[in-house]
Amino acid sequence: MTKDPERPAVPEPAKSPPAAPNGQPRIVFEDVVKRFGKVSVLNELNFNVAKGERVTLIGPSGSGKTTILRLLMTLEDLSDGYIFVDGEPLTHAKNASGKRVALKPKEVSRIRKRIGMVFQQFNLFPNMSVIENVMEAPVHVLGLPKEEARARAQGLLDQVGLGNRGDEHPTRLSGGQQQRVAIARALAMEPEILLLDEVTSALDPELVGDVLGVLRDVAENTDITMLLVTHEMQFARDVSHRVMMFDGGRIVEEGVPDQIFGNPREERTKKFLRAVL
């Protein structure tokens, strides 16, 4: 990948991702329900994501994809059901009598530190330099010494092709560069799980390839478990072990990328792909 911050990286040819690893699931959704008022967005949703697996959620707007990511980040509250991370409940557990109980905030925070998220909007602190944005959470959440956090941040900025822009403020960067800083900021927490919510949707088309190049590099060179929501279907096909098609808060179809994109079984999946490809 090019280190020139002004020029988009040229994506490498598409590669088939390696087989998803076996073992205990990293993420488990068990009978998950999410309501907004009287509207049920997710209704008894069940699925697992293995350690190191990269899963892409596709489907029309309003199908519940982003809600899944926000529940994992505890930005939304579960209406019912359970989410487990490495076998531990994220926000709710069953007590000795089988009753569903909320966990204490300290316990939720301990588990949530394993999860990072990159949003559609960059959400960088405009009053901080680029490197200070990347350092902020490791220092104040993980308690990392500032010099160690700075070294980690510099290494990540080098990785995303912005090693020479650390002292600048985000407002001096293009949208694609700001999104690359946001990716570095998420990786600075060394998450075991990385959530990506339409990370290119706010970018000009000519900047998309640069950001996707960074994410391809993360996918190919780390064992981070990734859950993605994206409208970039070729990117999803390139990096995913598994693709899940959502509609109306339920999984319509799931399978390996070649099957979903090349030979979908369900008519709803076929109709959606005809509209977006």
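As the structure is a prediction and not an experimental result, all values here were calculated from the model. Every residue gets a number counted from 1 within its own chain, in the order that chain's sequence is written. Local features are withheld for residues below a pLDDT of 70 in this predicted model, meaning they are given only at 70 or higher, and side-chain atom pairs are given and counted only at 80 or more; totals for whole chains, interfaces and linings count all residues. Side-chain measures here rest on the full set of heavy atoms in the structure, leaving out hydrogens and waters.

## Considering the UniProt feature "domain: ABC transporter" (unreviewed entry) in the protein chain
Link 1 in the chain: UniProt positions are given in the numbering used here, feature names are shortened, and annotations may be inferred rather than shown by experiment. Cross-referencing UniProt, the feature "domain: ABC transporter" (unreviewed entry) maps to residues 27–273 in the present numbering.
Link 2 in the chain: For residues 27–273, the helix share is 37%, the strand share is 27%, and the end-to-end C-alpha distance is 27 Å. Numbering of helices and strands starts at the N terminus; helices are DSSP runs of H or I of at least 4 residues and strands are runs of E of at least 2.

## What about the pairing of strand β2 (residues 39–50)?
Link 1 in the chain: Pairs of strands are assigned from DSSP output, requiring at least two bridges between the strands. By the bridge criterion, 8 bridges tie strand β1 (residues 25–36) to β2 in an arrangement that is antiparallel. Residue Phe36 lies in a different strand from β2, and its bridge partner there is Val39.
Link 2 in the chain: The antiparallel pairing of β1 with β2 creates a hairpin that spans 2 residues between the two strands, and Gly37 there sits at a positive phi of about 65°.

## A word on the sheet that holds β1
Link 1 in the chain: Taken in spatial order, the 4 strands of this open sheet run β2-β1-β4-β5, and their pairing is antiparallel. Among the strands making up the open sheet, the edge pair consists of β2 and β5 (88–89).

## Examining the pattern of salt bridges
Link 1 in the chain: Any carboxyl oxygen of Asp or Glu within 4 Å of a side-chain nitrogen of Lys or Arg constitutes a salt bridge here. Applying the stated criterion to the full structure yields 19 salt bridges.
Link 2 in the chain: Taking the shortest distance from any N to any O, the salt bridge between Lys34 and Glu76 comes out at 3.9 Å. Of this pair, Lys34 sits in strand β1 while Glu76 is found in the loop between α1 (65–72) and β4 (80–85), placing the two residues 42 residues apart along the sequence.
Link 3 in the chain: In this structure, Arg110 and Glu107 form a salt bridge, with 2.5 Å as the shortest nitrogen-oxygen distance. With a gap of 3 residues between them, Arg110 and Glu107 both fall in helix α2 (residues 105–112), about one helical turn apart.

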